[in-house]
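Coordinate analysis (summary)
Chain residues, written in single-letter form:
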Amino acid sequence: MAEMKAEAKKAAAETRKMPLKTPSDLGGNAVRDLTGALNELLADTFALYMKTKNFHWHVSGPHFRDYHLMLDEQAGQILAMTDPIAERVRKIGGTTLRSIGQISRLQRVKDNDADYVDPEGMLAELRDDNKDLVQRLRSVHDLTDEHNDFATSSLLDVWIDETERRLWFLFEATRNT
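What counts, and at which threshold
Each chain carries its own residue numbering, running from 1 in the written order of its sequence. Local features are withheld for residues below a pLDDT of 70 in this predicted model, meaning they are given only at 70 or higher, and side-chain atom pairs are given and counted only at 80 or more; totals for whole chains, interfaces and linings count all residues. By convention in this description, side-chain values take in all heavy atoms of the structure and omit both hydrogens and water. To qualify as a helix, a DSSP run of H or I must reach at least 4 residues; to qualify as a strand, a run of E must reach at least 2; elements of each kind are numbered from the N terminus. Remark: exposure states derive from per-residue accessible area (1.4 Å probe, protein chains only) relative to the maximum for the residue type, with buried under 20%, exposed over 50%, and partly exposed in between. Note on contacts: a residue pair qualifies if any of its non-hydrogen atoms lie within 4.5 Å across the two residues. We define a salt bridge as a contact between a side-chain nitrogen of Lys or Arg and a carboxyl oxygen of Asp or Glu at a distance within 4 Å. What is meant by a nonpolar core is a set of buried Ala, Val, Leu, Ile, Met, Phe, Trp, Tyr and Cys residues, joined one to another through side-chain atoms within 4.5 Å. Here a helix's expected span is defined as the number of its residues, less one, multiplied by 1.5 Å. Comment: axis = line fitted to C-alpha atoms, over the contacting stretch for helices; angle = value between 0 and 180 degrees taken between N-to-C directions. These descriptions rest on fixed angle ranges, namely under 35 degrees for roughly parallel, over 145 for roughly antiparallel, 65 to 115 for roughly perpendicular, and the rest for oblique. Crossing handedness follows the turn of the near helix against the far one: under a right angle anticlockwise gives a left-handed crossing, and clockwise gives a right-handed one. Classification convention: Asp, Glu, Lys, Arg as charged; Ala, Val, Leu, Ile, Met, Phe, Trp, Tyr, Cys, Pro as nonpolar; all other residues, Gly among them, as polar. Residue-level confidence of the predictor is what pLDDT reports, using numbers from 0 through 100.

Turning our attention to the side chain of T82. Structurally, T82 can be placed in helix α3 (residues 64-91). The exposure class of T82 is buried, given its relative accessible area of 8%. Excluding residues within four positions of it along the chain, T82 makes contact with L42, T45 and F46.

Now for unusual backbone geometry. With a phi close to 55°, N148 is a non-glycine residue in the positive phi region. Within the secondary structure, N148 sits in the loop between α5 (119-146) and α6 (150-174). N148 gets classed as partly exposed once you look at its relative accessible area, which sits at 49%.

This paragraph deals with the pattern of salt bridges. One pass over the structure, following the stated rule, counts 12 salt bridges. With a closest N to O distance of 3.5 Å, R108 and E40 form a salt bridge. In this pair, R108 sits in the loop between α4 (100-106) and α5 while E40 sits in helix α2 (residues 28-58), placing the two residues 68 residues apart along the sequence. Look at E40 and you get partly exposed, because its relative accessible area is 31%. Where salt bridges share partners, they join E40, D44, R108 and R136 into one cluster.

With 37 residues, the main nonpolar core has L41, I85 and L137 as its most contacted residues. Of all the secondary structure elements, the ones that give two or more residues to this core are α2, α3, α5 and α6. With 11 residues, the single largest contributor to this core is α2. Residues in contact with L137, not counting those within four places in the same chain, are L41, M81, L156, W159, I160 and T163.

Turning to α5, a few remarks are in order. With 28 residues, α5 extends 41 Å from end C-alpha to end C-alpha; this agrees with the ideal 40 Å at 1.5 Å per step. Following α5 by one or two positions, N148 has its phi on the positive side, about 55°.

What follows is about the packing of α3 against α5. Where α3 meets α5, the axes come as close as 13 Å, and the angle between the chain directions of the two elements is 25°. Classified by the angle between their axes, α3 and α5 sit roughly parallel to one another. Classified by chirality, the crossing of α5 by α3 is left-handed. Facing Y67, M70, L71 and M81 of α3, the residues of α5 in contact are P119, L123, L126 and L137. Residues of the contact of α3 with α5, tallied by class, amount to eight nonpolar, no polar and no charged.

With that settled, the discussion passes to the packing of α5 against α6. Two elements in contact, α5 and α6, have axes separated by 9 Å at closest approach and are oriented at 160°. Taken together, α5 and α6 sit at an angle that is classed as roughly antiparallel. Two packed elements cross with a definite hand, and for α5 against α6 that hand is left-handed. When grouped by side-chain class, the residues that make up the contact of α5 with α6 number 14 nonpolar, seven polar and eight charged.

It is worth spelling out the confidence of the model for the chain at this point. Chain-level pLDDT for the chain is 92 on average; 90% of the residues reach the 70-or-more range. Within the chain, helix α1 (residues 2-17) has the poorest average pLDDT of any element, 64, and α5 the best, 98.

Below you can see the structure in the form of structure tokens.
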């Protein structure tokens, strides 16, 4: 019985190491490069989603309703990016994120665990995070162009536009003049 369990454990371990056989005309280096870049982007997207929801839940003050609704809309838009990013990784033959721990190791968006952040601070922080995300999206777009991954490039075009819109709204909401 112990021998059968050991064999099953060994077979499971070998299966986890097996490369995916997803058909793709992208070369191995392209799959590796794109998978790495998209997984970092996915981690950033989850982190930005969580931060946006955090601020949505905790915003207060005279503009509460407007900010609360805007942040909820933006969080939904950010969350909607996650599945297509992960599925794109799988379509090209890569593997994607598996845990919150992996997200925390890959994310470049800084968490905000403060007990209180004033509304202007929240919006300014999200504005800067979305500005950084636009730059990262463009960087991944350059990589997809380099590897002729036009399907991912097309998705990135939409996400860049959506992120620029969020950035614009956050910028306007934080303007003093």
